[in-house]
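Now for the letters of each chain:
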Amino acid sequence: MYRFAVAIILASVGLAQDAPDSDLVRAAKSPYALARYIDSHMGFAWEPLWKTLGIEERIFIQPCGELSGGALGCSTEIIDIQNPDQVILIVQGDMPVYDVYLRFEKGSKGDWDFAGEYGVNIRNHPRRHEITRVRGTPFLRVSRQGVYGSGVDSEIEDWIDLTQPDFNPVFSFTVQGHDSEYASGIGREIYTIASPTRTGIDLILDVVFSGPDVDLGHAEYVGTYTRSRGPKFSLQTVRTSDGSPTISNKDFENLSEIDSDLTEEQLLVYTLPRLKEIASGQDKDAKDWLKGILDHCKDTPEKRTLLDLLSKH
């Protein structure tokens, strides 16, 4: 999975009085002081803060109050983590576009050390975050926007291990998503649940296949992820729980992501029983749609089977 790195917008706004940069720099020494500053000021530029914290990647968050015309300001939330002790300051823009997570750890002298940032794009899905402990290890779980466009959308969830020095995801997956571009292929909706186990994480995947006003069946799989090398989780095994066809690890990863390398030929395999009913049935619109799909597919046993049925009915 990937991180969102985007440009700072430095446009000045006349929404409220701008405090001197030095006040923002002083506030950055403590997550609590920084939260108070952000909650009580609008229209200030973010650049001095990123420079003070040593953030080289530029973060996309507009001056507070700019998008709402001064009706709203930015908001903050502080999460206190015990064992290991740390504080995460969440900065939310005044409109749901981009949220920034800033991590602070207690220094040896009792002061605060900045320990990393993480930004997430917010678009079609609600803001969502929580702390989950798995066998004593705290994970920050954050949802963000995945792929989106005409007929395509997905929500991604990232897990960040708060015992690790890097403030980066160690596990990411699609919570929900759909691809309903029926004119160019078979559509699908996906829903997943991440279930921690004693040795890793089980990702329970439910896939619903469809055409225009046509139910093409569904499949259920469970992928087991473990940390065999390094802090990141990787897929180890895949099993089915409802008699769905056996698939490889790569196929599971393609099925569980909307923006993947899943081919139309593979989708024919998963939906063949229902497609055979369409090919031998009386629904002309559905058969015409199927013919259009097959015209763009490579020669496979599934394609030949369906063409043979279409020719006979």
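Calculation rules
Residues numbered from 1 in each chain as written. Predicted model: local features only at pLDDT ≥ 70, side-chain atom pairs only at ≥ 80, totals over all residues. Heavy atoms only, no water. Helix = DSSP H or I, 4+ residues; strand = E, 2+ residues; numbered from the N terminus. Buried < 20%, exposed > 50% of the residue type's maximum accessible area, 1.4 Å probe, protein only. Contact = heavy atoms within 4.5 Å. Lys, Arg positive; Asp, Glu negative; His and termini not counted. Charge placed at Lys NZ, Arg CZ, Asp CG, Glu CD. Polar contact = N/O pair within 3.5 Å; in protein donor to acceptor, adjacent residues only side chain to side chain. 1 Å grid on protein atoms, 1.4 Å probe; cavity = no way out; pocket = protein on both sides within 12 Å on 5 of 7 lines; lining within 4 Å. Points joined across faces, edges and corners; volume = space filled by probe spheres on them. pLDDT = per-residue confidence, 0-100.

A count of helices and strands for the protein gives seven helices and twelve strands. Within the span of the protein, comprising 313 residues, buried residues form 49% of the whole. Partitioning the contacts of the protein with sequence separation of at least 6, the portion at a separation of at least 24 is 49%. The protein carries 32 positive and 48 negative side-chain charges, and their two centres are separated by 5 Å.

Here we take up the side chain of Thr-132. Tracing the backbone shows Thr-132 in strand S5 (residues 129-134). A polar contact is formed between the side chain of Thr-132 and the side chain of Arg-141, at a distance of 3.2 Å. Ignoring any residue separated from it by four or fewer positions in sequence, one finds Thr-132 in contact with Thr-137, Pro-138, Phe-139 and Arg-141.

Leftover empty space is mapped by rolling, across the atoms, a probe with the size of a water molecule. The space that makes up the second largest pocket amounts to roughly 170 Å³. In terms of lining residues, the second largest pocket is bounded by Asp-179, Glu-181, Ser-184, Gly-185, Ile-186, Gly-187, Arg-188, Ile-258, Leu-262, Thr-263, Glu-264 and Leu-267. If you list the elements that add at least two residues to the lining of the second largest pocket, you get strand S9 (187-196) and helix H5 (264-279).

Of all residues in the protein, 93% attain a pLDDT of 70 or more, and the chain-wide mean is 89. Every residue in residues 1-19 is under pLDDT 50, and counting partners more than four places away or in other chains gives 51 contacts.

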